[in-house]
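# Structural characterization, general
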Amino acid sequence: MNVKTITSVLRGALLSVGLSLAALPCVLAQAPVPNRDVQATLYTKWINYTATNGFPEGEVYCVTVDGSRVWAGTSHGLVLLEDGRVKKVFSTDDGLAGRAVMSIAVDKQNGDVWVGTFGGLSLYSGGAFKNYTNLTSGLANDLVYGVAMQGQFLWVATAAGVNRLDTNTGTWSIFNETNAPFNEPWAYGISVAQQKVYFAVWGGGVLAYDLAKETWKPFTDPDGEQELVLYRNQGLIHNIVSSVSYNPDTKTFWASTYFGLSGYDGRNWHNYLTKDSGLASNFINAVRSRGDNVWASTQSGLSQLDTRTNTWTTYSRDQKTGRGEILITHADGSKQRVVSETAMAHSYILNTDFQGDDIWVATAQGLSHGIHAQPKE
Amino acid sequence: MITPNEYSASRGRRRDEAFLGVALLSVWTALMVFIAQQSNPAAAAEHTPAPEAAVRYLSPVALQLSPDGQRLYVVCEDSDAVLVVDTRSQRVVGRAEVGKRPKGIAISPDGTSLYVSDEASDAVTEIDAQTFEIRRTIRVGWRPVGLVTDRAGTTLYVANTLGDDVSVIDLLTGREIKRLHAGRFPEYVALSRDGSRVYVANLLARLGRPDQPPVSELTVIDCAKQQIAARLDVPGVLQLRHIAELPAAAGGYLLIPFLRPKNLNPLVQIQQGGYLTHGIAVIRPSVTSAGEARDYQISELLLDDIDHSYADGFGAAATPDGHWALMTASGSNIVSIVDASRLRTLLVNSTSMRRLELANRLDSANKIVAARLPTGRNPTDVVTSADGRFAYVANRMDDTITVLNMAHRQQTTMVDLGGPRQLSRIRRGQQLFFDASHCYQGQMACATCHPHEGLSDGLAWSLETPQLGRDVVENRTLYSIEGTEPYKWNGKNPDLETQDGPRTAMYIFRSQGFSSSEVDDLVGYIFSLHLGRNPHLAADGQLTAAQTRGQVLFFRDKTNSGAPLSPLQQCPTCHSPLTHFTSKIQIDVGTATKHDTITAFDVPQLEGAVMKPPYLHNGEALELEEIWTRFNPEDKHGLTSDMNKAQLNDLIEYLKTL
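Anyway, here's the lowdown on the structure attached to this text. Every value quoted in this text rests on a predicted model; they were computed, and no experiment measured them. (Residues numbered from 1 in each chain as written. Chains lettered and ligands numbered in written order. Predicted model: local features only at pLDDT ≥ 70, side-chain atom pairs only at ≥ 80, totals over all residues. Heavy atoms only, no water.)

## Digging into the nonpolar core
Residue and element names in this part refer to chain B. In terms of nonpolar packing, the biggest core is built from 33 residues, with Phe433, Met444 and Ile526 touching the most fellow members. When contributions to this core are tallied by element, the ones reaching two or more residues are helix H6 (425-433), helix H7 (446-449), helix H9 (496-509) and helix H10 (516-527). Of all the elements, H10 adds the most residues to this core, at six residues. The residues contacting Met444, other than those within four sequence positions of it, are Tyr275, Leu276, Ala311, Ala436, Cys439, Cys449, Ile508 and Phe509. In this structure, Leu255, Ile280, Leu343 and Leu346 belong to the second largest nonpolar core, which totals 22 residues. (Core = buried A, V, L, I, M, F, W, Y, C linked by side-chain atoms within 4.5 Å. Buried < 20%, exposed > 50% of the residue type's maximum accessible area, 1.4 Å probe, protein only. Helix = DSSP H or I, 4+ residues; strand = E, 2+ residues; numbered from the N terminus. Contact = heavy atoms within 4.5 Å.)

Written out as structure tokens, the structure reads:
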């Protein structure tokens, strides 16, 4: 090999090294080193409310935090917890519209509690219930899946479309297949943004209602009913949407489906399946997003996605030992397991809400309170 | 010479001719009378008398004293004004023009600002209490009446009667910050003595089955949280009005006048309170502002005597030392002075069972009422001076103020507010409307069952005594009923004169009732009652999209599938828009029950239909929806079975605009 050739090779090598060094910060930024020391930010302490300590038997469908109060909707009534204990269990004997409570919304202005049940809509105010049914009001259907407040308006998701009730004038509006792009009438969930309202429609995707323009925009699975994901992040992952959550911090709405998780930031879709993420199950009952995190309530555990680090953390319960299992899936695919002495009441997760940094989890066999521990020094 | 036969025949012919002549004369006379009536509008049009010049009375309805007691502010609902009376000279010294139909007044804690609710303007007017200049107008909910500030003077609570809610106003910004849902027709409010709570008295009982006794609600607001803290059940009563709170040393009770109806009994016996009684709710409040309903103790005492009623309790006040409570009886022109210590003794010494019995005992009044003082006509609000020496009563139908000396518990003077001297026909009728003296033992006036100028009490009454318990029928509002005859649920009363004359005398007042001229005046007043602006209809009269769709449905002549509707299946057939949305007929719409002796009922007018349920002849439909969702299974009340839920919603949205 002559000098010219050696010089040429050395120049190329130096150039390559130089370019690599220049690109290194970008590489490092895209692929952060997994932080193994995450134990301090995990929920390792759980307090459960089950039939053994005054909580009703059966599934807990929803949980809503209102300051120091926690409302839980169960298959056997509405529960109020205060200061860490069950204060009252409300049944139809107390005036609740239906036994199964699917959703709860608190009007932060006046303290009224709206309760969606399978027997109609209840308003709990000043210690008394007032009920609205399909026969006695403009409620579209007595199977009420979701409720959400937006100023003076109450949005109600039912099995036959969506209602909007002006609580000041008592005027009911109905949105269904006759005046909105509802391919299916089953509205499961609602999430209110500033100028839009998002609806999760079972079999109908996500519908967004623009309050100012009074127009609807559907988001559906481009695969239609083929149930094939031809291209990742091509659109909504599936039309059977169980819940929707709008995150004002990231301006992204997240949709939980029975076949995966989708997020849309206005430009791009972000879809997740179990096969290529730390998602516990594709069968997701509910989703909630706040800050950088997305919480998916699945049939096999509660999965948290940190969108900054692309790290998944799944909480489940070992039914044999009663201990908690925490499986952390890092962005590079590596996994980490942590065992906690206490665990959620069950691994079948239906919903969540937050009380500060604490988390409340609705499970198939009770309500669980995850206490946020202070990070260790 | 004629034969006997010829004579008989002749007599027979003359007899026949005489009969024919009498018959012809009778027909001629009737024809002449008919023609005369047609050509004499005044005689023919009994329901449309020649319009009289509009006379604007004052009609004082609410009072407020300045903190130093030197000024009495008087809200005059018929003059859209607030007067200032100097309590020393007892003369009117000022006047402020406010919004339409003012009803209530509140004063800021420092006494520098007045707030007046303008019922027909859906607003509150703020007035400088010294200069009497108008500062600003604050938008609130529908038909505000009672209002009060919090202890700091930074928040104003306003009861919106038609909206069934309370507006919470930030007085710094003058804007509503939230709306709290009260009971039905919240009318008057009061701030607790410790400033922690606002109590809201609701005029109408909760909506419920017509065959059950009414239950009213006292709504309690937590001032710190500005949220509803409790909803107290006050059973068996309605028409909760003004609220007085005794000081803690006197028991701290809330005293609220009520009416206790016996509407579920066939009205066969009026004596001894057989139709209804009048009294006060005595409520011992919870010790904490966040107390639940069960923390309050509720008792009910009657103020009627066994042989005389004191109808339509309205105003309530207590002397600052808590020794006396004053309750006006607006139908009886009386203010009852209650000895609060005797009242407390009665309650304290009663077991819980006995306290329940007190609600029906007519011997309580002689134990607790120290005096009954006469007032002017239709006494409404009452206030006491800060030193407890004087009390003032607004006499709405007299345009006067009664001044009471509380030391001697007697009337001292009557302040003339300067209203018109002449009594118009409508004014005379209005006075009669509120006057219970025509009823046996003064038990009730027209306003008793039609409070708040023609509203319905929302109850079903067993009025038809011959049937004893059958034909229990719902009360109705009196708005815009001129031209909607016949009246009565079966359409048997051809005009209002019959309704308010013989029928009222015989079945309701059980007395000689009104004279014919009084009936005429009363009818004139009732025909003057109108709903006013319907808040469900935009100010410019434009219908919303839903209301427009509903209007199309109301007037449709085809089903959704295009099949033609028969005339009887179409709404306008029975509810003609040309005559107040009633075709003035009786028709069977399939709503008769086994308790009804007829099946065809008088078609009600639909104007003002939104003004307080329940609906149908017996009040079984608690909401408009139920008329068709529950009580029209055979499409006899219009063909509606092909409508989807959205269409029914639209139809109801349209009906609410009428």
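## A closer look at the interface of chain B and chain A
Counting residues at the interface gives 26 residues for chain B, matched by 26 residues for chain A. Summing the contributions of chain B and of chain A, the shared interface buries around 1,900 Å²; its carbon and sulfur component is 46%. Summed over the three residues of chain B that lose the most area to chain A, namely His181, Arg231 and Lys645 of chain B, the buried surface amounts to 26% of that side. At the boundary of chain B with chain A, the tally comes to one salt bridge. Residue Lys87 of chain A pairs with Glu292 of chain B through a salt bridge whose shortest N-O separation is 3.9 Å. Taken together, chain B and chain A are joined by nine residue pairs in polar contact (both at pLDDT 80 or more). (Buried area = accessible area lost by both parts, 1.4 Å probe. Salt bridge = Lys/Arg side-chain N within 4 Å of Asp/Glu carboxyl O. Polar contact = N/O pair within 3.5 Å; in protein donor to acceptor, adjacent residues only side chain to side chain.)

## Regarding H9 of chain B
Residues and elements named next belong to chain B. The end-to-end C-alpha distance of H9, which contains 14 residues, comes to just 16 Å, noticeably less than the 20 Å that a straight helix rising 1.5 Å per residue would cover. Arg503 marks where H9 bends most, by close to 55°. Residues of H9 that are buried include every one of Leu496, Gln499, Asp500, Gly501, Arg503, Thr504, Ala505, Ile508 and Phe509, and no others. Check the buried side of H9 and you find it contacts H7 and H10. (Expected span 1.5 Å × (residues − 1). Bend = angle between axes of the 7 residues up to and from the residue.)

## A word on empty space enclosed by the protein
One simple way to see leftover space: roll a probe sized like a water molecule over the atoms. All names here are of chain B. Applying the stated rule across the entire model yields five cavities of 30 Å³ or more. A volume near 130 Å³ is recorded for the largest cavity. Taken together, 17 residues line the largest cavity, and the ones lying closest to its centre are Arg241, Phe314, Arg396, Phe434 and His452. Secondary structure elements with two or more residues in the lining of the largest cavity: strand S13 (184-191) and helix H8 (451-454). (1 Å grid on protein atoms, 1.4 Å probe; cavity = no way out; pocket = protein on both sides within 12 Å on 5 of 7 lines; lining within 4 Å. Points joined across faces, edges and corners; volume = space filled by probe spheres on them.)

## Considering the packing of H9 of chain B against H10 of chain B
The axes of two packed helices give the description: the angle between them and the distance between them. Residue and element names in this part refer to chain B. Axis separation between H9 and H10 bottoms out at 10 Å; the angle between their running directions is 130°. Taken together, the axes of H9 and H10 are oblique relative to one another. In the crossing of H9 with H10, the sense of the turn from one axis to the other is right-handed. Residue-level contacts link Leu496, Glu497, Asp500 and Gly501 of H9 to Val519, Leu522, Val523, Ile526 and Phe527 of H10. The residue makeup of the contact of H9 with H10, split by class, is six nonpolar, one polar and two charged. (Axes fitted to C-alpha atoms, helices over the stretch in contact; angles between N-to-C directions. Parallel < 35°, antiparallel > 145°, perpendicular 65-115°, else oblique. Left-handed = near helix turned anticlockwise from the far one by under 90°. Nonpolar A, V, L, I, M, F, W, Y, C, P; charged D, E, K, R; others polar.)

## Here we look at the sheet that holds strand S3 (residues 81-86) of chain B
Residue and element names in this part refer to chain B. What the four strands build is an open sheet, ordered S1-S2-S3-S4; its pairing is antiparallel. Both edges of this open sheet fall to strand S1 (60-65) and strand S4 (91-97), since each of them pairs with a single strand only. Within the sheet, the average angular offset between the axes of one strand and its neighbour, ignoring direction, is 25°. Bridge count between strand S2 (residues 71-76) and S3: six bridges; the pairing is antiparallel. By the bridge assignment for S3, Arg71 is matched with Asp86. (Pairing = 2+ DSSP bridges.)

## Structural notes on the packing of aromatic side chains
Per the counting criterion, the structure on display carries 43 aromatic pairs over all chains. Plain terms: the ring middles of Phe554 of chain B and Phe555 of chain B are 5.0 Å apart, the flat faces sit at 75° to each other, and that makes the pair edge-to-face. The exposure class assigned to Phe554 of chain B is buried, which follows from its relative accessible area of 2%. In this structure Phe555 of chain B comes out as partly exposed when scored by relative accessible area, which is 36%. Taken together through their ring pairs, the aromatic side chains of Trp155, Phe175, Phe182, Phe199, Tyr209 and Trp216 of chain A make up a single cluster. The residue whose ring lies beneath Arg290 of chain A is Phe354 of chain A, and the NZ or CZ to ring-centre distance is 4.0 Å. Taking NZ or CZ as reference, Arg372 of chain B lies 3.6 Å from the ring centre of Tyr310 of chain B, over its face. (Phe/Tyr/Trp six-rings, centres within 6.5 Å; stacked < 30°, edge-to-face > 60°. Lys NZ or Arg CZ within 6 Å of the ring centre and 35° of its normal.)

## Regarding the pairing of strand S10 (residues 155-160) of chain B
Residue and element names in this part refer to chain B. The element S10 is largely enclosed, with a buried count of six among its six residues. Bridge analysis of strand S9 (residues 144-149) against S10 gives four bridges, and the strand direction is antiparallel. Following the sheet pairing, Leu147 is matched in S10 by Val158. The pairing of S10 with strand S11 (residues 165-170) spans six bridges and is antiparallel. Note on S11: the bridge partner recorded for Ala159 is Val166. The turn linking S10 back onto S11 is made up of four residues, and Asp164 within it adopts a positive phi angle of 55°.

## Let's talk about H10 of chain B
Residues and elements named next belong to chain B. When the terminal C-alpha atoms of H10 are compared, their 16 Å separation across 12 residues agrees well with the 16 Å that a helix rising 1.5 Å per residue should span. Where H10 is concerned, the buried positions are Val519, Asp521, Leu522, Val523, Gly524, Tyr525, Ile526 and Phe527. Where the residues of H10 are buried, they touch H6, H7, H8 and H9.

## Focus: the packing of helix H11 (residues 545-554) of chain B against helix H14 (residues 645-655) of chain B
Residues and elements named next belong to chain B. Closest axis-to-axis distance for the H11/H14 pair is 7 Å, and the angle between their directions is 95°. The pairing of H11 with H14 is recorded here as roughly perpendicular in orientation. Judged by residue contacts, Ala546, Gln547, Arg549, Gly550, Gln551, Leu553 and Phe554 of H11 engage Gln647, Asp650, Leu651, Glu653, Tyr654 and Leu655 from H14. Each residue belonging to the contact of H11 with H14 can be placed in one class, and the counts come to six nonpolar, four polar and three charged.

## A short note on the sheet that holds strand S25 (residues 379-384) of chain B
Residue and element names in this part refer to chain B. Overall, antiparallel pairing links the four strands, which are arranged S25-S26-S27-S28 in an open sheet. The two strands at the open ends of the sheet, each matched to only one other strand, are S25 and strand S28 (410-416). Neighbour-to-neighbour, the strand axes of this sheet turn through a mean angle of 25°, independent of strand direction. Summarising the sheet, strand S27 (residues 400-405) and S28 pair through six bridges and their orientation is antiparallel. When the bridges of S28 are listed, Leu404 appears paired with Gln411.

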